[in-house]
Amino acid sequence: MTSAAVGRPGRRRRATIWITLGIVAVLVIAFFIFTSLYTDVLWFQQLGYLEVLTTQWFAGWAMFLIGFFAMAIPLWLCMFLAYRLRPVYAKLDSGVGRYQQVVEPLRRVATYGIPIIFGIFAGAAASSRWQTAALWLNGVPAGKTDPQFHLDVSFYMFALPFYRSVLAYMSAVTIIALLATIATCYLYGSVRVNGREVRISRAARVQIAVIAAFYLLLQAVSIWLDRYASLTDSSVDGRVNGAAYTDVTATIPGRAILAGIAVLVALLFVLTAFIGRWRYPLVGTALLIVSAIIVGVIYPWGVQKLIVAPSEKTIESTYIARSIESTQQAFGVDNVKVSTYDAKTDAKQGALRKDADTTASIRILDPSVVSGAFAQLQQFRQYYGFGQDLDVDRYTIDGKEQDSVVAVRELHQSGLGDSGKYNETFVYTHGYGLVAAYGNKRQADGQPDFFESGIPTSGALGEYQPRVYFGEDSPRYSIVGAPKGSKPVELDYPAGSGSQQATYTTYSGNGGPKLDNLFTRLAYAIKFQDEQIVLSDAVNSDSQILYNRDPLSRVRQVAPYLTLDSDPYPSVVNGRIVWIIDGYTTSDQYPYSQEVSYGDAISDSQNSSTTGFGMDNVNYIRNSVKATVDAYSGKVTLYAWDASDPVLKTWEKVFPGTVKPISDMSGALMSHVRYPADLFKVQREILAQYHVTDPGSFFSRTDAWQVPDDPSSSDATSLQPPYYLTMQMPGQKSPQFSLYTTYIPQSTSASNRSILKGYLAVDSNAGNKAGTKASDYGTLRLLRLPSQDTIPGPGQVQNNFDSDPGVSTALNLLRQGSTKVINGNLLTLPVGGGLLYVEPVYVQSSGSTSYPLLQKVLVSFGDKIAFEDTLDGALDVLFGGDSGATAGDTGTGSTSDTGSGGSSTTSPPSSGGTSAQNSSEEQKLQAALTDAKQALTDREAALKAGDWTTYGAQDARLQKDLADALAAQQALSGSSSGSSSGSK
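As the structure is a prediction and not an experimental result, all values here were calculated from the model. (Residues numbered from 1 in each chain as written. Predicted model: local features only at pLDDT ≥ 70, side-chain atom pairs only at ≥ 80, totals over all residues. Heavy atoms only, no water.)

Novice: I'm lost on the overall build of the chain in this one. Help?
Specialist: Scanning the chain from N- to C-terminus turns up 27 helices and 36 strands. For the chain, buried positions account for 54% of its 984 residues. Long-range pairs, those at least 24 residues apart, make up 71% of the contacts in the chain with a sequence separation of at least 6. A total of about 42,600 Å² of accessible surface is found on the chain, and carbon and sulfur atoms cover 55% of it. (Helix = DSSP H or I, 4+ residues; strand = E, 2+ residues; numbered from the N terminus. Buried < 20%, exposed > 50% of the residue type's maximum accessible area, 1.4 Å probe, protein only. Contact = heavy atoms within 4.5 Å. Areas by Shrake-Rupley, 256 points an atom, 1.4 Å probe, with all protein chains shown as cover.)

See below:
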């Protein structure tokens, strides 16, 4: 037996092993892919939105197949024809002959393989464009036409992007097919090159000429459509979008001419297919290139430089007016109620009498500051927590609507330490309760005044389901549920004081797919890389797996066409905690509308991240959908908030039955709906320029504005966020829950940046009537301050606060002993005929468990300021001893009691003026400061020694000494007229 014969069985065995391993690998990969798809089906099916998933799958695969065959078939046909019609006896040079010998054994594979490979890539590209195709197929008229071509704007938003995508795709297919044809013809002798001589066979000539003619026809159509695309291109030095004078008089007609020339050249290529003369199409192609340079570049440039530039302001006025009107319509700011506000600067007695309701509702609790106080006072266990920025809502308490700062007590498993996989999956599964505090009140020691708090929950909101299984910080996944009668294992809330034991519960909702069979458990074990899902005896036929628990994620999954507001907020509605989320439909193809970056527009001192938005330019936006996510069951409900929006109507045709009409909204839910902050941020950026309706003034930018930087932020370049407040704007009959922002002049000169020029507010209360929005909801009101007024803006007011001798002295005293002073949100209110600024001041000690306490309130009106323990007291001091109204924190004040967590409450002095020195009070002040210094030393020593009892005692002593020092300083400064600062 030969060695070759001996070796063959071994090689066959190795080949068999490799083939088997390959098959196993393919099966494993296929199983992993299948389990991913299978779990997606289970999740969407449980949520009731399976059609959303299947529609996306169908659309994606349909586009893939269209893209695959649209590329593969023409490419295969061109290669096949080029080979089939080759000259049989063509004489090849030696180089081409060698290439042919190499390729020929692989010809059949290449003929099919190359089109398949290109087809796969083309199909993948096409499948990613399924939304463009869906909008084209289902697009509905918008009912508005553009001012240039008088076409419905839906053509630009839905049809034109699809047509241009198809043309770009077909052009790519044609180019690839042409290159493949030329390569095949050259390889098999249909095209031969001898020096300068090129010989092309008749069949090759026909094929190449026809493909080239088809390509030129595509370019003709593309150039023709580019005329319409000019209505969304930037123009007038980038200041406006849309076709301007040069576009209308030169570019658009020029493109029509070029389209006609391209058709003519295409016909010349067809002629060449019959007569065999390449001179005509080559001359025509050269003519097309020269025409493109002359008609498409030189002539428009000449019109711009010789006609437009010398009189640009006048000539472009018609087109600037178009852009102003279209931009205002596209962003929903075309019905702003504009009024001139002659703001007073003289703080007279009784000035706030007509604004008593607004004054009583001023929110002094800053939701971006008091998270620490909520955590220390309402967290109870290390595995509970609250978000960094809390939310503003409103509730009716004792018959009166109250602005409230709210948060849900969510489960933070990071606080459990190494508790084990079992506890993280089966025991610690949910948060508990909603915590709410009055926005306009505080307790005497500076703590928030809660009207809903505790575990179990208690307060003014009555009975509701407090368990939070779906929240912004919920665990990645939890397994819940058990048969009736079984012992609960999910920790409901921990033990309290005394003999109270920890309480456990069993989830009874329908929040996730059931793990009722081995295959489903195996699929989820693979998905989450957790073998316990299969092996643990805690998993039973009634178990459910909860995942995708973030409210934004859930809404994004079931409504992929929506851009979601970055700030979902919780409310108690009909006995349930629900997350309310605003959804936007957007476009970047609205004719003549200015583009803005959505991510940049919503970025401010409280929302600095724009991650995830990518290429996010928009020139059309509507708050078309209000969504809710039940915190217990995870149920997602979409409501058509703007049923007239053509984009939403189109998507409702794509995903029928997924969006409910507004008539299905309950009155309880309606009472918590508010105007969305992100939409308002986009609108305020637009109105910074487009509040000007005169084209000449707009062109000159003589009245351009910008949003001021946040004076309370450590980042000097972060914009001040808009704030929710209940207030009565000039022209309103009663106070309304509103969202507002301010404007200062747009300027590179620092000396002009702090003057207030505009004040924009929007009515944000949707009412409490089921299925019907309040008539004034969404009404934008803009107050324009006269140009001759020099009302200080937020930055200048903050500077006045910081530079006032009395205020700075008091704040320096508060900072004794490493105590931190935190400025809250600087609010601006149009009351008393002028503009009132209100800023709460928080004090926080340096202890590891400290939290901010509201100790003082700064107020400003005109050029006067006051700094008092309460807003009510500060207003009275500011307005000559009697403001004429009562603030919501009447009766509250500072005490010397030490709050839990190591912070104390003090009674800092009023300031703003000077008085005669009092030696007795000076002695008291010096003695108190000496005692405070010693208490600080003793506290630090106790901290290093780990003696927490002594640390707490010395911290309390320190705060008491500071309180005595501040009281002495108050006596020195004077407690009457000296509390208010004079003119700056």
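Novice: How should I be thinking about helix α21 (residues 677-690) in this particular structure?
Specialist: One turn of an α-helix holds 3.6 residues; hence residues three or four places apart share an orientation. Taking 1.5 Å of rise per residue, 14 residues should cover 20 Å, and α21 covers 19 Å from first to last C-alpha, within 8% of that figure. Extensive coverage of α21 is indicated by the burial of 13 of its 14 residues. (Expected span 1.5 Å × (residues − 1).)

Novice: Just checking my understanding: could you explain the nonpolar core for this structure?
Specialist: One broad rule of soluble globular proteins: the nonpolar side chains tend to lie buried together. Judged by nonpolar contacts, the single largest core of 135 residues is most densely connected at Phe-331, Leu-434, Ile-533, Ile-545, Tyr-561, Leu-638 and Trp-651. Counting residues in hydrophobic clusters, the runner-up holds 69 residues, among them Ala-373, Tyr-740, Leu-756 and Leu-811. (Core = buried A, V, L, I, M, F, W, Y, C linked by side-chain atoms within 4.5 Å.)

Novice: Is there a simple way to think about helix α15 (residues 518-528) in this case?
Specialist: Among the residues making up α15, those that are buried are Thr-520, Arg-521, Ala-523, Tyr-524, Ala-525, Ile-526 and Phe-528. The opening residue of α15 is Asn-517, an N-cap whose side-chain oxygen sits 3.2 Å from the backbone nitrogen of Phe-519. (Polar contact = N/O pair within 3.5 Å; in protein donor to acceptor, adjacent residues only side chain to side chain.)

Novice: Looking at this structure, how should I read the pairing of strand β7 (residues 391-397)?
Specialist: If a strand is regular, its side chains alternate between the two faces of the sheet. Counted residue by residue, β7 has 6 buried out of 7 residues, so it is predominantly covered. Sheet analysis places β7 next to strand β8 (residues 400-408), joined by 7 bridges and oriented antiparallel. Of the residues in β8, the one forming a bridge with Asp-391 is Val-406. As consecutive antiparallel partners, β7 and β8 are separated by 2 residues, and within that stretch Asp-398 has a phi angle of approximately 55°, a positive value. (Pairing = 2+ DSSP bridges.)

Novice: Whenever I open this one, the layout of surface pockets confuses me. Can you help?
Specialist: The method is simple in principle: a probe with the dimensions of a water molecule rolls over the atoms, and the space it marks as empty is what remains. Put simply, the second largest pocket is a space of about 630 Å³. Lining the second largest pocket are 30 residues, and of these Met-63, Ala-126, Arg-129, Ala-133 and Phe-162 sit closest to its centre. Of all the elements in the fold, those that place two or more residues in the lining of the second largest pocket are α2 (50-84), α4 (107-127), α5 (130-138), α6 (153-187) and α19 (646-654). With 9 residues, α2 is the single largest residue contributor to the lining of the second largest pocket. The class makeup of the residues in the lining of the second largest pocket is 23 nonpolar, 5 polar and 2 charged. (1 Å grid on protein atoms, 1.4 Å probe; cavity = no way out; pocket = protein on both sides within 12 Å on 5 of 7 lines; lining within 4 Å. Points joined across faces, edges and corners; volume = space filled by probe spheres on them. Nonpolar A, V, L, I, M, F, W, Y, C, P; charged D, E, K, R; others polar.)

Novice: Would you explain the sheet that holds β7 in this entry?
Specialist: Note on sheets: strands pair through backbone hydrogen bonds, and any given pair is parallel or antiparallel. On the basis of which strands lie adjacent, the open sheet formed by 5 strands has the order β7-β8-β11-β12-β13 and antiparallel pairing. Either end of the sheet is taken by a strand with one partner, and the two such strands are β7 and β13 (458-459). In the sheet, β8 pairs with strand β11 (residues 434-442) via 5 bridges, with the strands oriented antiparallel. Counterpart to Ala-407 in the pairing with β11 is Val-435. Packing of helix α13 (residues 371-378) onto the sheet brings it into contact with β8, β11 and β12 (448-453), and relative to β12 it is tilted by some 55°. (Axes fitted to C-alpha atoms, helices over the stretch in contact; angles between N-to-C directions.)

Novice: I tried to follow the environment of Leu-835 on my own but got confused; where do I start?
Specialist: Position of Leu-835 among the secondary structure elements: in the loop between β33 (827-829) and β34 (836-844). Residue class for Leu-835 comes out buried when judged on its relative accessible area of 3%. As a C-alpha pair, Leu-835 and Leu-756 span 79 residues in sequence and 9.8 Å in three-dimensional space. Beyond its immediate stretch of four places on either side in the chain, Leu-835 contacts Tyr-341, Lys-344, Leu-756, Tyr-759, Leu-785, Ile-791, Thr-828, Leu-829, Pro-830, Ser-860, Phe-861 and Gly-862.

Novice: Honestly, empty space enclosed by the protein in this entry has me stumped. Any pointers?
Specialist: In this structure the tally under the stated criterion is 3 cavities of 30 Å³ or more. A volume near 40 Å³ is recorded for the largest cavity. Lining the largest cavity are Ala-343, Lys-344, Thr-345, Ile-791, Pro-792, Leu-835, Tyr-837 and Gly-862.

Novice: In this structure, what is going on with a nonpolar patch on the surface? I would like to understand it.
Specialist: Among the surface-exposed residues, Ile-289, Val-290, Ile-293, Ile-294, Val-297 and Ile-298 lie close enough to one another that they form a single nonpolar patch of about 540 Å² accessible area. Counting through the fold element by element, Ile-298 comes out in helix α9 (residues 279-308). (Patch = residues over 30% accessible without salt bridge, like charges linked within 9 Å, V, L, I, M, F, W, Y side chains within 5 Å. Salt bridge = Lys/Arg side-chain N within 4 Å of Asp/Glu carboxyl O.)

Novice: Would you mind showing me how to read the pattern of salt bridges here?
Specialist: If the charged atoms of two oppositely charged side chains come close together, the side chains can form a pair. In this structure the tally under the stated criterion is 12 salt bridges. Its salt-bridge partner being Asp-226, residue Arg-164 comes within 3.1 Å of it at the nearest N-O pair. Linking Arg-164 in helix α6 with Asp-226 in helix α7 (residues 202-229), this pair joins segments that are 62 residues apart in sequence. Taken together, the shared-partner salt bridges in this structure form one network comprising Asp-604, Asp-678 and Lys-681.

Novice: Sorry, what's going on with the pairing of strand β36 (residues 864-868) here?
Specialist: Within β36, 4 of the 5 residues are buried, which leaves the element mostly enclosed by the surrounding structure. Taken together, strand β35 (residues 853-861) and the strand that follows it, β36, pair antiparallel across an intervening segment of 2 residues, in which Gly-862 is found at a positive phi of about 65°.

Novice: Quick question: what am I supposed to make of a positive patch on the surface here?
Specialist: Residues Arg-11, Arg-12, Arg-13 and Arg-14 make up a contiguous surface patch of positive charge. Within the secondary structure, Arg-11 sits in helix α1 (residues 3-47). Judged by relative accessible area, Arg-11 falls into the partly exposed class, the value being 46%. (Lys, Arg positive; Asp, Glu negative; His and termini not counted. Charge placed at Lys NZ, Arg CZ, Asp CG, Glu CD.)

Novice: Help me understand the packing of aromatic side chains, please; the structure alone is not making it clear to me.
Specialist: Describing an aromatic ring pair means giving the distance of the ring centres and the angle of the ring planes. The full count for this structure, using the stated rule, is 49 aromatic pairs. The interplanar angle of 5° and the centroid separation of 5.1 Å between the aromatic rings of Tyr-740 and Tyr-759 together place this pair among those described as stacked. Taken together, the residues Tyr-740 in strand β29 (residues 736-745) and Tyr-759 in strand β30 (residues 758-763) connect sequence positions 19 residues apart. When sorted by exposure, Tyr-740 lands in the same class as Tyr-759, which is buried. Sitting above the plane of the Trp-641 ring, Lys-626 keeps its charged end 5.2 Å from the centroid. The side chain of Lys-856 reaches across the aromatic face of Phe-867, ending 5.0 Å from its centre. (Phe/Tyr/Trp six-rings, centres within 6.5 Å; stacked < 30°, edge-to-face > 60°. Lys NZ or Arg CZ within 6 Å of the ring centre and 35° of its normal.)

Novice: Is there a simple way to explain the confidence of the model for the chain in this structure?
Specialist: Low-confidence regions, as indicated by low pLDDT, have predicted coordinates that should not be scrutinised in detail. Summary statistics for the chain give a mean pLDDT of 86 and a share of 88% for residues scoring 70 or more. Note that residues 975-984 has pLDDT below 50 and, in this model, 29 contacts with residues that lie over four places away or in other chains. (pLDDT = per-residue confidence, 0-100.)

Novice: What should I look at first to understand the state of the cysteines in this one?
Specialist: Put plainly, two cysteines are in a disulfide when a covalent bond ties their sulfur atoms together. Evaluation of the coordinates by the stated rule reveals 0 disulfides. With no disulfide of its own, Cys-78 lies closest to Cys-185 among cysteine sulfurs, the gap being 9.5 Å. Looking at Cys-78, the relative accessible area reads 11%, which means it is buried. (Disulfide = S-S within 2.5 Å.)

Novice: It is not clear to me how the side chain of Ser-371 should be interpreted in this structure. Could you clarify?
Specialist: Looking at the secondary structure, you find Ser-371 in helix α13. Note on Ser-371: relative accessible area 7%, which makes it buried. In contact with Ser-371, other than residues within four places in its own chain, are Phe-386, Gly-387, Gln-388 and Leu-390.

Novice: Would you take a moment to explain the side chain of Ser-291 for this structure?
Specialist: In this fold, Ser-291 is placed in helix α9. Residue classification places Ser-291 among the buried residues on the basis of a relative accessible area of 10%. Within the structure, Ser-291 has its side chain in polar contact with the backbone oxygen of Leu-287 (distance 2.7 Å). Not counting residues up to four positions away in its chain, the partners in contact with Ser-291 are Leu-258, Ile-261 and Gly-296.

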